[in-house]
Amino acid sequence: MDHHVKDMSLSDAGKARIEWADADMPVLASIRERFEREKPLAGIRISACLHVTTETANLARTLKAGGADMVLCASNPLSTQDDVAAALVQHYGIRTYAIKGEDNETYYSHIDAAIDHKPQITMDDGADVVGRIHAERTEALADIIGGTEETTTGVIRLRAMCADGALKFPIVSVNDAMTKHLFDNRYGTGQSTLDGVIRATNRLLAGRTLVVSGYGWCGRGIAMRAAGMGSNVIVCEIDPLKALEAVMDGYRVMPAVEAAKVCDVWLTVTGDINVIDSPMIEAMKDGAIIANSGHFNVEINIPHLREHAVSTREVRPLVEEFVMADGRRIYLLADGRLVNLACAEGHPANVMDMSFANQALSAEYMVKNAASLEPGVYPVPAEIDAGIAKLKLETMGVKIDTLTAEQEKYLASWNEGTV
Ligand SMILES: NC(=O)c1ccc[n+]([C@@H]2O[C@H](COP(=O)([O-])OP(=O)(O)OC[C@H]3O[C@@H](n4cnc5c(N)ncnc54)[C@H](O)[C@@H]3O)[C@@H](O)[C@H]2O)c1
């Protein structure tokens, strides 16, 4: 099978949406033009496991323009846009394995298809390809020169592999680039998570109590945007510094069990497990809506919900009602999977422009430098990060100042103190 998508008749609709996203990804487009001329990835086999969205399609086109032999599979069973998957195969000649709503077995068969491509470069969002290669498909290691990783949770997994001495090749942590997490995780997740909740439920957020678990890059974005829409935001944290920051940013901060009693909408973005656990579920008020925007669907104790509910039903697409023994109703969105990708379309193109510029340039960097890198997790080189910020500002028509010669000298000196 050289591809596996839901319905090829969706391909024209997918192409139109990919072009729409492309119009708002000028940095990636400029990289694509250079890649087209210079072919820095000529003949390199890349297996990418990313959310199959319009923005990812434009990244795949860019890598292909650079000469890469690309295969793409989904990095989440619910995040695939089926029209985009069809368009990638039909209009862009990119072998794609992804179907929205695929079961676990199909999900891993798609990852296996990507590994069968014998990648020289892996491109992950959550480290599922790298994890599978190291655990079950070690024969693939022979061809791999390096990889890239998109998200916080993936980087945490890779660092754990490093600490165990298990990681066998070098990987660039795209998430650690400033032009990635400062913007994608904060403004992208902030906007698209609320977009997911709104599209799924059509509930008003103004005047509602909205709980955010995790005040990292994503949580800050969600809290900020929810407050902007008039929600009363409560933050739950386990890190005193982050909790303090949330207090100073003007939010109420309290333990999750307390928040459960008053929450109307609860969003988890921690990368942790059972953040909404049984005590919170038991304390939750009637009608609460719960959803997750962290990478894996383990942040909410869904097994507890299933075990203790007396009945469940789908009240709207991807909105599941759990009626508890005492009559309380709790609404779970998207089966606890990334709500912004399952119920909306993921991050807007303009922010993915920078994330995927980092991916494309990190793949090029790997091709040039992997031979001299030991297995490990590497940052995106600072020149790439700064270059993307500069280009992004230019595409936005924003000009900034430069240091004068006097300022450069002053900032580099130590002998000019109080005057
Ligand atoms: N939905 C998306 O499109 C999207 C985009 C980017 C990142 N992510 C994912 O979102 C998650 C968070 O990413 P981030 O960049 O914000 O990470 P981060 O490390 O900046 O923040 C995570 C925060 O969660 C807190 N936390 C951990 N356990 C907790 C608990 N039990 N209760 C309350 N808080 C807890 C940590 O102290 C930390 O402040 C990751 O899984 C990441 O992969 C999702």
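Just above sits the structure.
Residues numbered from 1 in each chain as written. Predicted model: local features only at pLDDT ≥ 70, side-chain atom pairs only at ≥ 80, totals over all residues. Heavy atoms only, no water.

Enquirer: Looking at this structure, how should I read the packing of aromatic side chains?
Expert: Given two aromatic rings, their pairing is described by the distance between the two centres and the angle made by the two planes. One pass over the full model with this rule turns up three aromatic pairs. Aromatic pair Tyr107 and Tyr108: ring centres 5.1 Å apart, planes at 90 degrees, arrangement edge-to-face. Given a relative accessible area of 27%, Tyr108 falls into the partly exposed group. If you follow Arg220 out to its NZ or CZ, it ends over the ring of Trp217, 4.5 Å from the centre. (Phe/Tyr/Trp six-rings, centres within 6.5 Å; stacked < 30°, edge-to-face > 60°. Buried < 20%, exposed > 50% of the residue type's maximum accessible area, 1.4 Å probe, protein only. Lys NZ or Arg CZ within 6 Å of the ring centre and 35° of its normal.)

Enquirer: I keep staring at the pairing of strand β12 (residues 309–316) and nothing clicks. Help me out?
Expert: Side-chain positions along a regular strand alternate between the two faces of the sheet. Here β12 runs beside strand β13 (residues 319–324); their pairing, made up of six bridges, is antiparallel. Bridge pairing in β13 links Glu314 to Glu320. The antiparallel hairpin formed by β12 and β13 contains two residues in its connecting segment, where Leu318 sits at a positive phi of about 65 degrees. (Pairing = 2+ DSSP bridges. Helix = DSSP H or I, 4+ residues; strand = E, 2+ residues; numbered from the N terminus.)

Enquirer: Quick question: what am I supposed to make of the pattern of salt bridges here?
Expert: Side chains that differ in charge, positive against negative, can pair when their charged atoms come close. All told, the structure shown has 31 salt bridges when counted by the stated rule. Where Arg45 meets Asp143, a salt bridge forms, and the shortest distance between an N and an O atom there is 3.6 Å. Placement of Arg45 in strand β1 (residues 45–50) and of Asp143 in the loop between α6 (128–135) and β5 (146–149) is noted, with a sequence separation of 98 residues between them. A salt bridge links Arg159 to Asp176; the shortest N-O distance between them is 2.9 Å. Taken together, the residues Arg159 in helix α7 (residues 152–163) and Asp176 in the loop between β6 (170–173) and α8 (178–201) connect sequence positions 17 residues apart. (Salt bridge = Lys/Arg side-chain N within 4 Å of Asp/Glu carboxyl O.)

Enquirer: Help me understand the packing of helix α3 (residues 54–65) against helix α4 (residues 82–92), please; the structure alone is not making it clear to me.
Expert: Here α3 crosses α4 at 25 degrees, and the two axes come no closer than 10 Å. What the angle tells us is that α3 and α4 run roughly parallel. Judged by the twist between their axes, the crossing of α3 over α4 is right-handed. Contacts between α3 and α4 involve Thr54, Ala57, Ala60, Arg61 and Lys64 on the former and, on the latter, Val84, Leu88 and Tyr92. (Axes fitted to C-alpha atoms, helices over the stretch in contact; angles between N-to-C directions. Parallel < 35°, antiparallel > 145°, perpendicular 65-115°, else oblique. Left-handed = near helix turned anticlockwise from the far one by under 90°. Contact = heavy atoms within 4.5 Å.)

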